[in-house]
Amino acid sequence: MTSTAKTALNIAVLYPDLLNLYGDRGNARALEQRCAARGMEATVTGVDIGDDWDTDQADIVLVGGGQDREQRRVQADLQRRGDDLRDYVDDDGVVLAVCGGFQLFGHQYRGWDGEIMEGIGIFDAVAAHPGPKIARCVGNVVALWEGETVVGFENHGGRTYLNDGQEALADVVNGFGNNGGDGLEGAKIRNAYGTYLHGAVLPKNPRLADRLISLALERRYGPEAAELAPLDDSVALKAHAEALHAALSAGESPMGRRFA
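Residues numbered from 1 in each chain as written. Predicted model: local features only at pLDDT ≥ 70, side-chain atom pairs only at ≥ 80, totals over all residues. Heavy atoms only, no water.

A. A look at the sheet that holds strand 1 (residues 8-14). A sheet is described by the order of its strands in space; here six strands give the open sequence 2-1-3-4-14-13, paired in mixed fashion. Looking at which strands have only one partner, the edges of the open sheet turn out to be strand 2 (41-47) and strand 13 (187-189). Averaged over all pairs of adjacent strands, the angle between their axes in this sheet comes to 15°, without regard to strand direction. With four bridges connecting them, strand 1 and strand 3 (residues 60-63) associate as parallel partners. If you follow valine 13 over to strand 3, its bridge partner there is leucine 62. Lying over the sheet, helix 1 (residues 26-36) contacts strand 1, strand 2, strand 3 and strand 4 (94-98), oriented at roughly 175° with respect to strand 1. (Pairing = 2+ DSSP bridges. Helix = DSSP H or I, 4+ residues; strand = E, 2+ residues; numbered from the N terminus. Axes fitted to C-alpha atoms, helices over the stretch in contact; angles between N-to-C directions. Contact = heavy atoms within 4.5 Å.)

Listed below in structure tokens is the structure:
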């Protein structure tokens, strides 16, 4: 089987109206379009608080970012789904968790007012907001992922810290990343990816988008389905290049490295 055969994927977007900071729902649209361009069906389903949904209905799970207020609103419902989501990831289910979603997919997040929000522990990480008087991590980001650049925009007050043994998604070239200090961006475990990159991130990073699709196809249909037919990515790569230029033209990285 190849990815151009008549295959289908189900994409679930958790809390699409509450966790959609900086257009994170665009990640679902990017996946849907890249599947369609290869002759594959992709069904996108929004999962709201209280909905009757389980992970058996998903090949890819997306969750976006939100402010502390929105994270508090979804936290109890996410906790209710925690066991199922952990089992889904253990079974190689595909996840992309962005910003506030990334924080709640760790062990806990301490908000700007000191309130602790318990996460679901997909990533072995903790996050904390240092308080309203501390500057936010804002700007364009360049990071190295598997020898290539990923780009996006970050705007987060919380700082995420990975525990020993937790793999980062990428290494920061320009920008703050997880906390502005350790040079790491995001987290990865099995087929679950966490990141602070908005934008939405997938339209400007087609290789990352295709990685999620390929992993989902392999899990559902087997290894032969994971090989994707190439697409004309000229528009996506132009957006990537423009974001790369915007980030690097700022000059001094918060990580203390200077780029031309």
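B. The pattern of salt bridges, seen in detail. Within this structure, the stated rule accounts for 17 salt bridges. Among the ionic pairs, arginine 34 bridges to aspartate 233, the shortest N-O distance being 2.8 Å. In this pair, arginine 34 sits in helix 1 while aspartate 233 sits in the loop between helix 5 (206-221) and helix 6 (234-248), placing the two residues 199 residues apart along the sequence. Accessibility assignment for this pair places arginine 34 and aspartate 233 in one class, buried. Across the salt bridge formed by arginine 219 and aspartate 91, the nearest N and O atoms sit 3.0 Å from each other. Residue arginine 219 is located in helix 5, and its partner aspartate 91 is located in the loop between helix 3 (82-90) and strand 4; the two are separated by 128 residues in the primary sequence. On the basis of relative accessibility, which here comes to 48%, the residue aspartate 91 falls in the partly exposed class. Several salt bridges converge on common partners, so that one network encompasses Arg34, Arg38, Asp210 and Asp233. (Salt bridge = Lys/Arg side-chain N within 4 Å of Asp/Glu carboxyl O. Buried < 20%, exposed > 50% of the residue type's maximum accessible area, 1.4 Å probe, protein only.)

C. Representation of the packing of aromatic side chains in the model. Counted by the stated rule, this structure contains three aromatic pairs. Judged by centre distance (5.8 Å) and plane angle (75°), the rings of tyrosine 22 and phenylalanine 153 are edge-to-face. You can see tyrosine 22 sitting in the loop between strand 1 and helix 1 and its partner phenylalanine 153 sitting in strand 9 (residues 148-156), a full 131 residues away along the chain. You can call phenylalanine 153 partly exposed: its relative accessible area is 27%. Between phenylalanine 102 and phenylalanine 123, the aromatic rings sit 5.6 Å apart at their centres with planes inclined by 80°, giving edge-to-face as the arrangement. Of this pair, phenylalanine 102 sits in helix 4 (residues 100-104) while phenylalanine 123 sits in the loop between strand 6 (116-118) and strand 7 (125-128), and the two are 21 residues apart along the sequence. Assessed through its relative accessible area of 0%, phenylalanine 123 is described here as buried. Through pairs of rings, three or more aromatic residues link up here, namely Phe102, Phe123 and Tyr196. The cationic tip of lysine 188 hangs over the ring face of tyrosine 193; the distance from NZ or CZ to the ring centre is 5.7 Å. (Phe/Tyr/Trp six-rings, centres within 6.5 Å; stacked < 30°, edge-to-face > 60°. Lys NZ or Arg CZ within 6 Å of the ring centre and 35° of its normal.)

D. Structural detail: the environment of glycine 46. Note on placement: glycine 46 falls in strand 2. A relative accessible area of 38% places glycine 46 in the partly exposed class. A sequence separation of 29 residues divides glycine 46 from aspartate 17, and the C-alpha atoms of the two residues are 8.7 Å apart. When residues no more than four places from it in sequence are discounted, the contact partners of glycine 46 are Val13, Pro16 and Asp51.

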